[in-house]
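Here is how the chains run, residue by residue.
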Amino acid sequence: MPVHVEREIRLLGRNLHLFQDGPGENECVMELEGLEVVVEARVECEPPPDSQCHVTCQQHQLSYEALQPELRVGLFLRRAGRLRVDSAEGLHVVLYDCSVGHGDCSRCQTAMPQYGCVWCEGERPRCVTREACGEAEAVATQCPAPLIHSVEPLTGPVDGGTRVTIRGSNLGQHVQDVLGMVTVAGVPCAVVAQEYEVSSSLVCITGASGEEVAGAAAVEVLGRGRGVSEHDFAYQDPKVHSIFPTRGPRAGGTHLTLNGSKLLTGRLEDIRVVVGDQPCHLLPGQQSEQLRCETSPCPAPATLPVAVWFGATERRLQRGQFKYTFDPNITSAGPTKSFLSGGREISVRGQNLDVVQTPRIRVTVVSRMLQPSQGLGRRRRVVPETACSLGPSCSSQHAGHPWFEELCHVNSSQLITCRTPALPGLPEDPWVRVEFILDNLIFDFATLNPTPFSYEADPTLQPLNPEDPTMPFRHKPGSVFSVEGENLDLAMSKEEVVAMIGDGPCVVKTLTRHHLYCEPPVEQPLPQHHALREALDSLPEFTVQMGNLRFSLGHVQYDGESPGAFPVAAQVGLGVGTSLLALGVIIIVLMYRRKSKQALRDYKKVQIQLENLESSVRDRCKKEFTDLMTEMTDLTSDLLGSGIPFLDYKVYAERIFFPGHRESPLHRDLGVPESRRPTVEQGLGQLSNLLNSKLFLTKFIHTLESQRTFSARDRAYVASLLTVALHGKLEYFTDILRTLLSDLVAQYVAKNPKLMLRRTETVVEKLLTNWMSICLYTFVRDSVGEPLYMLFRGIKHQVDKGPVDSVTGKAKYTLNDNRLLREDVEYRPLTLNALLAVGPEAGEAQGVPVKVLDCDTISQAKEKMLDQLYKGVSLTQRPDPRTLDVEWRSGVAGHLILSDEDVTSEVQGLWRRLNTLQHYKVPDGATVALVPCLTKHVLRENQDYVPGERTPMLEDVDEGGIRPWHLVKPSDEPEPPRPRRGSLRGGERERAKAIPEIYLTRLLSMKGTLQKFVDDLFQVILSTSRPVPLAVKYFFDLLDEQAQQHGISDQDTIHIWKTNSLPLRFWINIIKNPQFVFDVQTSDNMDAVLLVIAQTFMDACTLADHKLGRDSPINKLLYARDIPRYKQMVERYYADIRQAVPASDQEMNSVLAELSWNYSGDLGARVALHELYKYINKYYDQIITALEEDGTAQKMQLGYRLQQIAAAVENKVTDL
């Protein structure tokens, strides 16, 4: 039934004969939207015996409110208003409303045909049934033209591809009506058939316009006309001009701003920003000239292009890219306390901190019973949360715990400063969690500082006039201000307190729990903002700022009493007393003047010198560190091209196995006649097989060690020979090591277990050194190599930056006081243009700038020139410096050969001074060349050369007894007068020599400059954030197992064993000898510096507390404050390794097998076996006796096999 049309309803019933009588008593009831619609019913039945009856419900108009095209209406017959007649189940009629869902002519004509819906035109056009439309001519046979209500979006890129949604009416009855009939700004727009909605909306994809144009959207339906939109659609050409910032951490979270034009082209939801392949999520509040987005994490640091996608159209940033840098890392933070009112400055130190865009400090207040457990992790991802964006500070609540935030300030790549947020109050027994939020990274303060962060009660200060604070405080010039209070130093130092009297500072001298003392200005300052003050408020106010707290403690008035107020009698008495006192002072001065005047002058000069040194050491340290970091930046860029000059494994192993040799002693022939070579090699092969017998090898080692003539040097040599011989079978080598170590533990447990592994006195101790070197080679290359090389280059740069005495080996910049140049030498840096006039391309060589000092000897300058000219070239491919001369070239014909000693050398008595660049007056920017020597140098063939070592010319004495000197001449005999050459006068120089300790500040400067590199190296070695080498875990577990087997429960003993096996046996060796790992050349000065750093590392690993005093070595005093921190790192390192998952024998054997395969190159195993046989031959009888006394060895015929080997190798007559 249609709505709003009267219709009868006919029902077919049965057995309703009794209902025929009594008209008006029957009624049809329809249940419509919860209401009953009742109409009169008439019942007519067929005569019996037929039981059928017809029920007619009278005509009635029905309608409903629900916005749906159909509504099911239940229907039943009722008699006398209360008796419901049974009906068939589900008896109902369906009402339908043509107007629902058919708001225009086109949709009306697509309604279901059985409903007979038509578009009825008139005053109120609508879709109704034909019966409801009054006049026949009012029924529309043709629908009107399309009408466009809206177009979204109104812009799109000129490349096309924009999805445009057009909404309106009469937009066709089928998608075929509009296919190919839609244009946007005159450009065809392809309709998407799947998203077409009859008559009301369509979606189309714009075509390319080629240029920026604007125009209306148009839809045409054949036979009905064309519809045009009111608003124009604009084709735009968006452009991205620049981005800011241009870098950010790889963890993401950087808010990237893109500047350009027409950046809101198309739908906002279709605009995407990508950095490389990583999405950059758009932030709210975009503008046409500026987009803002937040970067996603990137797997690795990289420099990537930036692009904006407008649907399917891409626009790239043409100039510039975004650089994902290494993540910022925080290494330390302090101080560890703050007042509740906040505002204390926290210094956060680390690396790459300047890539952080919005650093914040967050303080969360947690009840101590809910305190979370602290893990070892130093950082974690930020969980989604409400950002703090309402100004520099804000507060909120997360998981029931209130938190407070403050924005931080980025000072440099190594420093961020944060002001602690204020807390309204603390609950009972509180615990605060302090975190530093660096964009997408969070660092917990608890992992950065061993002392937990805490908030303390706010301080209080009493007014200057406690009795009457409104009265100004009378200050007598020359005295200090004393202010009483409470809790003043609980969370503040005197350097952080800012005290002001008006606009003048009151320098805080002392801060205690209850007192603050400050020194006011000499004259009364002006009041702050005095130009705005009125006359009544002209006195300065005393204020104290402690973090966020500002105390106003009253006004201050300086006393300025006139002399007239002083009594006359007192003035006379004071005058007489003063005269007598002055007379006495004059007499004393006249008596002691001659003696005291000179001493006073000397004292003042020394005092000034000490004060200048003390005040300048911090500035010097900063400047040196800045210069060094600049140099290291250049070095890092060089390393990107050439890489760190690692030695290959073979050279690395040979230098550790056989230290002190220029090359491995195994790089030689067997030294046997050719006629016997096959027999000897066969015998050595048998010896190799015999070494595979564990019983023979242990008997062989124990027998050798029991011989008195078997020296410590022999033990180390035999251990290295065995290492080479068994290098291809590292699993067996490790098994032998375990067995020998077990014997060694049993031997020391009976004596003093803490002395085990302290020195290399046995074969097993050298075997352990070699085993660690083999297993840790990959870890050294992949992890430790970079910080160790940066430390080495930093030391070299600093040592070369200052004067180095070529004769005594003493340097201005060092960490070793025995190598400190305790003189003030005048020098000037020079930059020379160095040429290489050697080789086939000498004529075309380009000049290279080389930094030298004018006090350098010619040999020192030559070394620096070679370093620059042969940068990136291995040491073995460089020419010997003794075969080259330095030639100073000036103009076309001005060539002069420079040398350390020649006829121009300065000779004074028995001393000859080595020539320097200053001696020859070589100017800055001069051109020098390395040319072949004209005179032959006799090279000492018998000199044992150690790679990287250079010995100063201490013993060089001419035949006539003339001794050389360079910067400082020894003062063991009178020195003839000569002109000044230093920065001090002669008398001052003598006094400087009398107190040479004033130059110890140079050690502090050097230490401060290198501190970052030392910390980085120790951090990598002692870090468990990356996987610890399996060999370390395996061996530490082995030591724990041995201690347990022998009943050793003293943790100090186990700590000493671990220290002696890894830091002492391996890391100290590597730190002191970087030439074991890199292709570099060291010097005595660098060795002295490395020795101090290695000793510091060793001190950090020992358990003994070093009690320092005035007589302690300078080198230990240098790192006295750092060693406790390093000790904590070592203890945490050992503890973390102990708690790690145990390393099984199967895992270790797998790693050892891989090492044997990867490093299976020939280290000279055949010659090593021949060298081992020499020891067998030397102690032949003792070895045979030991084998014959052992029953198992007899059964295995080990003695017989050894006799066979002896017969083959040496043609020895045996008992065979």
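Predicted model, so just to flag it, every value in this text is computed and none were measured. (Residues numbered from 1 in each chain as written. Predicted model: local features only at pLDDT ≥ 70, side-chain atom pairs only at ≥ 80, totals over all residues. Heavy atoms only, no water.)

## Brief notes about the overall build of the protein
In terms of regular secondary structure, the protein is built from 23 helices and 55 strands. Residues classed as buried in the protein amount to 46% of the 1216 residues present. Put simply, the protein shows about 62800 Å² of open surface, and 52% of that area lies on carbon and sulfur atoms. (Helix = DSSP H or I, 4+ residues; strand = E, 2+ residues; numbered from the N terminus. Buried < 20%, exposed > 50% of the residue type's maximum accessible area, 1.4 Å probe, protein only. Areas by Shrake-Rupley, 256 points an atom, 1.4 Å probe, with all protein chains shown as cover.)

## Points about the sheet that holds strand S41 (residues 481-486)
Taken together, 4 strands build an open sheet; the order of strands is S39-S41-S45-S44 and the sheet is antiparallel. The open sheet has two edge strands with one neighbour each: strand S39 (460-461) and strand S44 (507-511). Bridge count between S44 and strand S45 (residues 515-519): 4 bridges; the pairing is antiparallel. Residue pairing for S45: Thr 510 is matched across the bridge by Tyr 517. (Pairing = 2+ DSSP bridges.)

## A word on the state of the cysteines
Disulfide: a covalent bond formed between the sulfur atoms of two cysteine residues. The final tally for this structure, using the stated rule, is 10 disulfides. One disulfide in the model links Cys 108 with Cys 127; its S-S distance is 2.0 Å. Torsion about the S-S bond of the Cys 108 and Cys 127 cystine: about 75 degrees, corresponding to right-handed handedness. Placement of the pair is Cys 108 in helix H1 (residues 105-109) and Cys 127 in strand S9 (residues 126-129), with a sequence separation of 19 residues. (Disulfide = S-S within 2.5 Å.)

## Points about the sheet that holds strand S53 (residues 911-913)
In space, the 3 strands of this open sheet follow the order S52-S53-S55, with mixed pairing throughout. At either margin of the open sheet sits one strand with a lone partner, and together these are strand S52 (906-908) and strand S55 (963-965). With direction set aside, neighbouring strand axes in the sheet form an average angle of 30 degrees. (Axes fitted to C-alpha atoms, helices over the stretch in contact; angles between N-to-C directions.)

## Things to note about the nonpolar core
Judged by nonpolar contacts, the single largest core of 140 residues is most densely connected at Leu 691, Phe 700, Trp 771, Trp 1067 and Ile 1093. At 11 residues, helix H9 (residues 777-801) tops the list of elements feeding residues into this core. Excluding residues within four positions of it along the chain, Trp 771 makes contact with Phe 733, Thr 734, Leu 737, Ala 1031, Tyr 1034, Phe 1035, Met 1148 and Leu 1152. (Core = buried A, V, L, I, M, F, W, Y, C linked by side-chain atoms within 4.5 Å. Contact = heavy atoms within 4.5 Å.)

## What to know about helix H18 (residues 1123-1139)
Between the first and last C-alpha of H18 there are 24 Å, a value that for 17 residues agrees with the 24 Å anticipated at 1.5 Å per step. Residues of H18 that are buried: Ile 1123, Tyr 1126, Lys 1127, Met 1129, Val 1130, Tyr 1133, Tyr 1134, Asp 1136 and Ile 1137. Buried residues along H18 sit against helix H12 (1001-1021), helix H13 (1030-1045), helix H14 (1051-1061), helix H15 (1063-1072) and helix H16 (1084-1101). (Expected span 1.5 Å × (residues − 1).)

## Quick word on the packing of aromatic side chains
All chains considered together, the criterion is met by 26 aromatic pairs. Geometrically, the ring pair formed by Phe 779 and Trp 1067 is edge-to-face, given 6.1 Å between the ring centres and 65 degrees between the ring planes. Taken together, the residues Phe 779 in helix H9 and Trp 1067 in helix H15 connect sequence positions 288 residues apart. Residue Phe 779 shares its accessibility class with Trp 1067, and that shared class is buried. Ring geometry for Phe 1018 and Phe 1097: centres 5.0 Å apart, planes at 55 degrees, overall tilted. Linking Phe 1018 in helix H12 with Phe 1097 in helix H16, this pair joins segments that are 79 residues apart in sequence. When its relative accessible area of 1% is taken as the criterion, Phe 1018 is described as buried. Phe 1097 gets classed as buried once you look at its relative accessible area, which sits at 1%. (Phe/Tyr/Trp six-rings, centres within 6.5 Å; stacked < 30°, edge-to-face > 60°.)

## Concerning the packing of helix H7 (residues 730-749) against helix H19 (residues 1145-1158)
Between H7 and H19, the least distance of the axes is 8 Å, while the angle of their chain directions is 125 degrees. Relative to H19, the element H7 is oriented oblique. Of H19, the residues touching H7 (which contributes Leu 730, Glu 731, Thr 734 and Arg 738) are Asp 1145, Asn 1149, Leu 1152, Ala 1153, Leu 1155 and Ser 1156. When grouped by side-chain class, the residues that make up the contact of H7 with H19 number 4 nonpolar, 3 polar and 3 charged. (Parallel < 35°, antiparallel > 145°, perpendicular 65-115°, else oblique. Nonpolar A, V, L, I, M, F, W, Y, C, P; charged D, E, K, R; others polar.)

## Structural notes on a nonpolar patch on the surface
Together, Leu 583, Ile 587, Ile 588, Met 591 and Tyr 592 line one region of the surface with nonpolar side chains, adding up to about 540 Å² of accessible area. Locating Ile 588 in the fold gives a position in helix H2 (residues 568-642). (Patch = residues over 30% accessible without salt bridge, like charges linked within 9 Å, V, L, I, M, F, W, Y side chains within 5 Å. Salt bridge = Lys/Arg side-chain N within 4 Å of Asp/Glu carboxyl O.)

## Some details on the pairing of S9
When strand S8 (residues 117-120) meets S9, the two strands line up antiparallel, connected through 4 bridges. Residue pairing across strands places Trp 119 opposite Cys 127, the latter belonging to S9. A loop of 5 residues connects S8 with S9, the two strands running antiparallel in sequence.

## Points about the packing of H12 against H16
The relative placement of two packed helices comes down to the angle between their axes together with the axis-to-axis distance. Their axes nearest at 12 Å, the elements H12 and H16 cross at an angle of 50 degrees. Here H12 is positioned oblique relative to H16, judged by the angle of their axes. The handedness of the crossing between H12 and H16 comes out as right-handed. Facing Met 1006, Leu 1010, Val 1014, Phe 1018 and Ile 1021 of H12, the residues of H16 in contact are Val 1089, Ile 1093, Thr 1096 and Phe 1097. For the contact of H12 with H16, the per-class residue count stands at 8 nonpolar, 1 polar and no charged. (Left-handed = near helix turned anticlockwise from the far one by under 90°.)

## Some points on the pattern of salt bridges
In total, this model carries 47 salt bridges according to the counting rule given. We note a salt bridge from Asp 270 to Arg 267, for which the minimum N-O separation is 3.8 Å. A relative accessible area of 24% means that Asp 270 is categorised as partly exposed. On the basis of relative accessibility, which here comes to 12%, the residue Arg 267 falls in the buried class. Salt-bridge contacts for Asp 880 lead to Arg 882; the nearest nitrogen and oxygen are separated by 3.0 Å. Here Asp 880 falls in the partly exposed class, since its relative accessible area comes to 26%. Sharing partners across several salt bridges, the network here consists of Asp 159, Asp 237, Lys 239 and Arg 315.

## Quick notes on the side chain of Asn 449
Mapped onto the secondary structure, Asn 449 falls in the loop between strand S37 (441-444) and strand S38 (454-456). Classification of Asn 449 by relative accessible area gives buried; the value is 16%. Within the structure, Asn 449 has its side chain in polar contact with the backbone oxygen of Ala 333 (distance 2.8 Å). One polar contact links the side chain of Asn 449 to the main-chain amide nitrogen of Thr 451, over a distance of 3.0 Å. Sequence-distant contacts of Asn 449, defined by excluding residues within four places in its chain, comprise Ala 333, Gly 334 and Thr 336. (Polar contact = N/O pair within 3.5 Å; in protein donor to acceptor, adjacent residues only side chain to side chain.)

## Some details on unusual backbone geometry
For the peptide bond that leads from Glu 152 to Pro 153, omega is -5 degrees, which places it in the cis range. With respect to the helices and strands, Pro 153 occurs in the loop between strand S10 (147-152) and strand S11 (155-157). With an omega of 0 degrees, the peptide bond between Gly 334 and Pro 335 qualifies as cis. Of note in the backbone geometry, Glu 33 takes a positive phi value of approximately 50 degrees without being a glycine. Locating Glu 33 in the fold gives a position in the loop between strand S2 (26-32) and strand S3 (35-45). The backbone of Lys 262 sits at a positive phi, close to 55 degrees, despite the residue not being glycine. Counting through the fold element by element, Lys 262 comes out in the loop between strand S20 (255-261) and strand S21 (271-275). With relative accessibility at 29%, the residue Lys 262 sits in the partly exposed group.

## Description of helix H4 (residues 677-691)
Look at H4: 21 Å from first C-alpha to last across 15 residues, which is about the 21 Å you get at 1.5 Å a residue. By the burial criterion, the buried members of H4 are Arg 677, Val 680, Gly 683, Leu 684, Leu 687, Ser 688, Leu 690 and Leu 691. An end-on view of H4 places all buried positions within 160 degrees of arc, on one side of the element. Exposed residues on H4 whose side chains face more than 90 degrees from its buried face are Pro 678 and Gln 682. (Arc of directions from axis to C-beta.)

## Remarks on the environment of Ala 712
With respect to the secondary-structure elements, Ala 712 resides in helix H6 (residues 712-725). Assessed through its relative accessible area of 43%, Ala 712 is described here as partly exposed. Each C-alpha atom, one on Ala 712 and one on Thr 760, is 7.6 Å from the other, the two residues being 48 residues apart in sequence.

## A word on the environment of Val 39
With respect to the helices and strands, Val 39 occurs in strand S3. Looking at Val 39, the relative accessible area reads 6%, which means it is buried. If near-sequence neighbours (up to four positions away) are discounted, Val 39 is found in contact with Glu 27, Cys 28, Met 30, Cys 57, Gln 58 and His 60.

## As for the confidence of the model for the protein
Looking at the protein, the pLDDT average stands at 82 and 84% of residues meet or exceed 70. Below pLDDT 50 for its whole length, residues 937-958 participates in 39 contacts with residues either more than four positions away or in separate chains. (pLDDT = per-residue confidence, 0-100.)

## Focus on the environment of Gly 215
By the secondary structure assignment, Gly 215 is in strand S16 (residues 214-221). With a relative accessible area of 12%, Gly 215 lands in the buried category. Aside from chain neighbours lying at most four places away, what touches Gly 215 is Ala 185, Asp 232 and Phe 233.

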